[in-house]
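Residue-level structural notes
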Amino acid sequence: MQLEQLSISDAATKSLAEWQQMLVAHFTVLSKNRKEKSISVFAIEHGLKPAQLKIISSRLADDHRLNGINKSYWLLWVIYSTELGYEYIGDQYWISFEDKLRYWEQSHREIIRWAFKEFQRRFNGVLPTGTWAKNFPIIAWPITHAILPQDLQYHFAKLLFLSRYTLNTSQHKNAIDVGKLLARFAYSFSSSRFLNFLQHEELVGRIALALLAEKGEASLDDNIYSSTLKRITEDIEQKQNAKELIQGVRREIKPRIYGANSNSKIKNNNESSYRPVESSKKSVKPKIRLHNNGNNWVATIEIPRLADIIDDASVTEQLKKSRVKINGVNSTWLPAEVLLGASFIRKLSEWPLGGTLLNFESKIASLSELTRSINISKGPWLFHLNVDGQAIEVQNKNVWACEEYLIVSENNGWPESELLSDCDIECKGIHAKKLTIPDNLPEVDEKILLNLGVYIQKSIRVWPTGLPAQSWDGSGSGEWLTTESICLGILGDYPIDEFHISLGSYQLTIKGKVSGSPTFIRLDPLPCGSHMLKIEAISQSSVTKNTECYVHLEIREPEGWIQGTTLHNGLTFRLDPHTDDLDALLTGKIQVKVFGPKNRSIIFQLDFFVGKEIVRTISSKSIQFPFHDSELKKACEQANKDDNLIYSHKLRLRILCEDLGYKDIIFLRKAAPIGWLYKSVDRVPNLKLIDETDCDEPLKILYCDLNEPEVKRDISTENFSQLKSTQLRNGLFFARRGEHNCSIVISHSDRLQGFEALSISPKLISNEALNIPGYLSFINTWFTARSSGFLAQHHQQKVIEAATIKLFSHLCGTNWARAEKEFINDNDIAGSIEKLSHFLGNTSVQNILRYKLLGNDSKEINLSEMADWLNGVLKRCNVCHSDSLVSFALELASRPLSYAGTKEEQFSEMLNVLLSNKTILRSCRFVVLATAKYIDPNRNYPLLLPTGWQ
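Residues numbered from 1 in each chain as written. Predicted model: local features only at pLDDT ≥ 70, side-chain atom pairs only at ≥ 80, totals over all residues. Heavy atoms only, no water.

When its secondary structure is counted, the chain shows 31 helices and 38 strands. In the chain, buried positions account for 53% of the 950 residues. Residue pairs at least 24 apart in sequence account for 68% of intrachain contacts in the chain once pairs closer than 6 positions are excluded. Per element, the accessible surface of the chain, about 43600 Å² overall, is 48% carbon and sulfur. (Helix = DSSP H or I, 4+ residues; strand = E, 2+ residues; numbered from the N terminus. Buried < 20%, exposed > 50% of the residue type's maximum accessible area, 1.4 Å probe, protein only. Contact = heavy atoms within 4.5 Å. Areas by Shrake-Rupley, 256 points an atom, 1.4 Å probe, with all protein chains shown as cover.)

Spelled out as structure tokens, the structure:
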């Protein structure tokens, strides 16, 4: 009898031993059926009904109370653990065991791992892989065998929807390839747990293939057991909008990949229609357009969505952790992830001549290779004038009679010709002329155009017809979507007998028409990438030569829209840095930027979850665009004062914008291989150390008091494996095992109340010689530590502020560091800048920097230009003539923690130069702090994280 056919009454009479025997038989059959195809088995494919699971769980709990974990029922414990993994929501996994099993012990975890290894050995069970599995070697088993935990199911539905066009046109035949393809779309998600899940490429691919397979196929169980797939599908469809997403994917996907089937065949009765099977490399060429603003022309650059051209998910991860500067664009360092979403468009202030267009901060080989592949063509550049006031670049530099163009060159030496007229372009480094082509072009003008690199097109003309192309430059280059048929018109100015058309290996001959009569062709949708269509006009006339032209077809995937969401309505957000760390948000370490139409207002609300329940909601007042996150900071401060919210594992930040709908951003408490659990029991702090490292190295535990934060006290002999009270109630607890570490700051006082409780005075050791990288690591430990509540967070900030002052006292001098503290606490921006400038140590630099910054307001500050300007100032004043040294000083002044623990020789060499000439670093620090105060005077950790420079 199959498990699904077992009645509830019969199930209630079964003993644990009988259930063990039945499930062993079930998995034996399942693994045998999959053995030939080398497809592994998941523990959640048990086929049990909810009532049966409830009976087994209850009896296991009773047996555990009497006998602990009985290895005779190892398979039942595997299923029990997997079911808890299916309900996992990102917090501490083992707490769910402690809540359900009264006598659960930490040593029982090893038995659970042994049971999963036994499952893997006997039934070819799935083996957890990836970075997450390495960091969490025990809980990776039950969570991996749960296939798709419930809190990730909506993310998965959205992932399939966003990638549906790519899936539709892909030639991938197996689960691993499909998993790799889906991982390319990870840029759309900030959930660290979902990103970790996508590392399991085969698992991701198997779920996708199973969900998208047509009903009635014989091989559904090859990927996921049918009842298990039905369960996951039903759970997904219960999530908000997820059902519509899955249905949308199924409608769009033509079953052409493994695991899907269709009897339909491509039918084509039109001899002028064809589909080439050859795919081409996807284009990464940026697009430059010129726009007429009435008085002059403005240049913009559009960088294609890099997610479409990156096949390696690890490169996507590297991008999300890096920053980028765009050559020719007025901006400071941007999060590189902005290049992963929709096409990135910016105004060009300077033409990007030579070098690379993208400059990534991280010097990684894969990013360097990406940089080399994204560049603009060599000049001169030709643009066709459209009636809408835009000028589109003409790739092949062909011009037509009676048309107008703009020609752009880095040289201003133009020939004398009536074809050229003056025009202004608002972009440094280039010059432009308007080019008007008459009906009859004299030979002398033809030679002038040829010298400019422009060619006359006399013979045949091609243009898009029918459904408009996404873009068309007027001279043989256009863009379409993978879902669109391409319709082209062909017109010759002389009689043509036939057209020979070729695309890749496909060739077609079409009968021509008389002069002035167009011929039309239709191409079936093409694969994503760049294609070259060749059209050759054949004439039997003895006075006319055969002519050929080439049409560049750029094919891209559509940018998906999700029903019920506001993906393309002008309401967008950005996180800097890109992380979903809840603690980082609440402590002001994440900057949330919201963008939307002017004169609109937004309201945001913070929903805190414990389990699946909302335990508190904090809402803001109405905020007018442009958005500033000061109100969000106030809401976070309000949340920090509620000590009960430290038990909340999830925060939903909902941004509501009138008729534009809303955006949700999910933040989670980070689950780490080693971490502190804090609880206040009867107003007494209790701590427990959760250790998932599975490491043989000894555990190191240190304690640093708030009043003496640099003094480390070794308390490794104390046992924190169970929740316990501690007499050390005001300081930082640090734990390390192997390469993993964690820290938490607690602050508790039985006697002090009100403002007196907020006051601490950290005493730091006076060091004449300070190891800068080591001290930066010390600051970073305090900075990245969790806090147990509002009071602990306030004291944590006090320690970090004192340590930062000590750091820059060593780097820039004691008087300078004191002046910095006064500068931060002074609400008079202009007055504080004036006072701080007196400590620069160089009168010339002081006068120039003070004049520059006192004449600014926050709308005029451009950090990239400011950095270049500062470099020039230091050269003119003979303070520093090294660009690399100034760049290093700016980095140290604005992002000191990036050098925590560094052992690079170059760091020591440059640091010694700065210590011998403190004016360099003081000048950089002055510019960084002053501009940051203009942009956001209420920044948390203002001395350590100046606004705008992150």
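There is more to say after this.
Here the focus is unusual backbone geometry. Omega for the peptide link from Gly379 to Pro380 comes to 0°, which places this bond in the cis form. Its location among the elements puts Pro380 in the loop between α18 (365-373) and β8 (381-385). Phi angles above zero are rare outside glycine, and Asn124 is one such case at about 55°. Its place among the elements puts Asn124 in the loop between α6 (108-123) and α7 (131-135). The exposure class of Asn124 is partly exposed, given its relative accessible area of 36%.

Considering all chains together, one arrives at 19 aromatic pairs under this definition. Ring pairing ties together the aromatic residues Phe27, Trp74, Phe119 and Phe123, which thus form one cluster. Here the basic side chain of Arg654 rests over the ring of Tyr662, its NZ or CZ set 4.3 Å away from the ring centre. In this structure, Lys724 is placed above the aromatic ring of Phe720, and the distance from its NZ or CZ to the ring centre is 5.0 Å. (Phe/Tyr/Trp six-rings, centres within 6.5 Å; stacked < 30°, edge-to-face > 60°. Lys NZ or Arg CZ within 6 Å of the ring centre and 35° of its normal.)

Pairing within the open sheet is antiparallel, and its 3 strands lie in the order β31-β32-β35. Every interior strand has two partners, whereas the edge strands, β31 (674-681) and β35 (724-725), have only one. Strand direction decides the pairing type here: β31 and strand β32 (residues 684-691), joined by 8 bridges, are antiparallel. If you follow Ile674 over to β32, its bridge partner there is Asp691. (Pairing = 2+ DSSP bridges.)

Right, let's get into the sheet that holds strand β19 (residues 498-503). Across the sheet, which stays open at both edges, the 6 strands sit in the order β16-β17-β23-β22-β19-β20 with mixed pairing between neighbours. On the outer flanks of this sheet lie β16 (471-472) and β20 (506-511), each paired with one strand and no other. Judged from the 6 bridges that link them, β19 and β20 form a sheet pairing that is antiparallel. Bridge pairing in β20 links Ile501 to Leu508.

Here we take up the pattern of salt bridges. Pairs can form between side chains of opposite charge once their charged atoms are near each other. Counted under the stated rule, the structure contains 29 salt bridges. Residues Arg289 and Glu302 are paired through a salt bridge, measuring 2.9 Å at the closest nitrogen-oxygen approach. In this pair, Arg289 is assigned in strand β2 (residues 287-292) and Glu302 in strand β3 (residues 297-303), connecting sequence segments 13 residues apart. In this structure, the salt-bridge partner of Arg850 is Glu834, at a minimum N-O distance of 3.0 Å. Residue Arg850 is found in helix α27 (residues 843-854), and its partner Glu834 is found in helix α26 (residues 829-837); the two are separated by 16 residues along the sequence. For Glu834, a relative accessible area of 28% puts it in the partly exposed group. One connected set of salt bridges, linked through shared partners, spans Lys287, Glu479 and Arg556. (Salt bridge = Lys/Arg side-chain N within 4 Å of Asp/Glu carboxyl O.)

Looking now at helix α24 (residues 790-812). An ideal rise of 1.5 Å per residue puts 33 Å on 23 residues; α24 measures up with 32 Å between its terminal C-alpha atoms. Downstream of α24 by one or two residues, Gly813 has phi in the positive range, about 110°. (Expected span 1.5 Å × (residues − 1).)

This part takes up the nonpolar core. With 83 residues, the main nonpolar core has Phe156, Leu160, Phe197, Leu306 and Trp351 as its most contacted residues. When residues in this core are grouped by element, the largest group, 8 residues, is from helix α13 (residues 201-212). Sequence-distant contacts of Leu160, that is, excluding residues within four places in its chain, are made with Leu167, Leu182, Ala208, Leu211, Leu212, Ile246 and Val249. Among the nonpolar cores identified, the runner-up in size contains 67 residues, and Leu770, Cys877, Phe907 and Leu911 belong to it. (Core = buried A, V, L, I, M, F, W, Y, C linked by side-chain atoms within 4.5 Å.)

Our focus in this paragraph is the packing of α26 against helix α31 (residues 918-935). Contact geometry of α26 with α31 gives a least axis separation of 11 Å together with a crossing angle of 175°. On the basis of their axis angle, the class for α26 and α31 is roughly antiparallel. Every residue of α31 that contacts α26 at Ile829, Ser832, Ile833, Leu836 and Ser837 is listed here: Phe926, Ala930, Lys933 and Tyr934. Partitioned by chemical class, the residues of the contact of α26 with α31 number 6 nonpolar, 2 polar and 1 charged. (Axes fitted to C-alpha atoms, helices over the stretch in contact; angles between N-to-C directions. Parallel < 35°, antiparallel > 145°, perpendicular 65-115°, else oblique. Nonpolar A, V, L, I, M, F, W, Y, C, P; charged D, E, K, R; others polar.)

The next point concerns the environment of Ile744. Checked against the element boundaries, Ile744 lands in strand β37 (residues 740-747). Using a relative accessible area of 1% as the deciding quantity, one classes Ile744 as buried. Along the sequence, Ile744 and Arg786 sit 42 residues apart, while their C-alpha atoms lie 4.6 Å from each other. Excluding residues within four positions of it along the chain, Ile744 makes contact with Trp676, Tyr678, Leu687, Gly731, Leu732, Phe733, Ala785 and Arg786.

All right, on to the state of the cysteines then. Considering all chains together, one arrives at 0 disulfides under this definition. Cys880 carries a free sulfur, and the closest cysteine sulfur to it, the one in Cys924, is 8.3 Å from it. (Disulfide = S-S within 2.5 Å.)

For Asp826, the location among the structural elements is in the loop between α25 (814-825) and α26. Assessed through its relative accessible area of 19%, Asp826 is described here as buried. In this structure Asp826 touches Ser832, Lys835 and Lys933, once residues within four positions along its chain are discounted.

Okay, the pairing of strand β11 (residues 404-409) next. Burial within β11 is extensive, with 5 of its 6 residues counted as buried. Bridge analysis of β11 against strand β13 (residues 431-436) gives 6 bridges, and the strand direction is antiparallel. Within the sheet, the bridge partner assigned to Leu406 lies in β13 and is Lys434.

Don't take any of this as a statement about function, it's just geometry.
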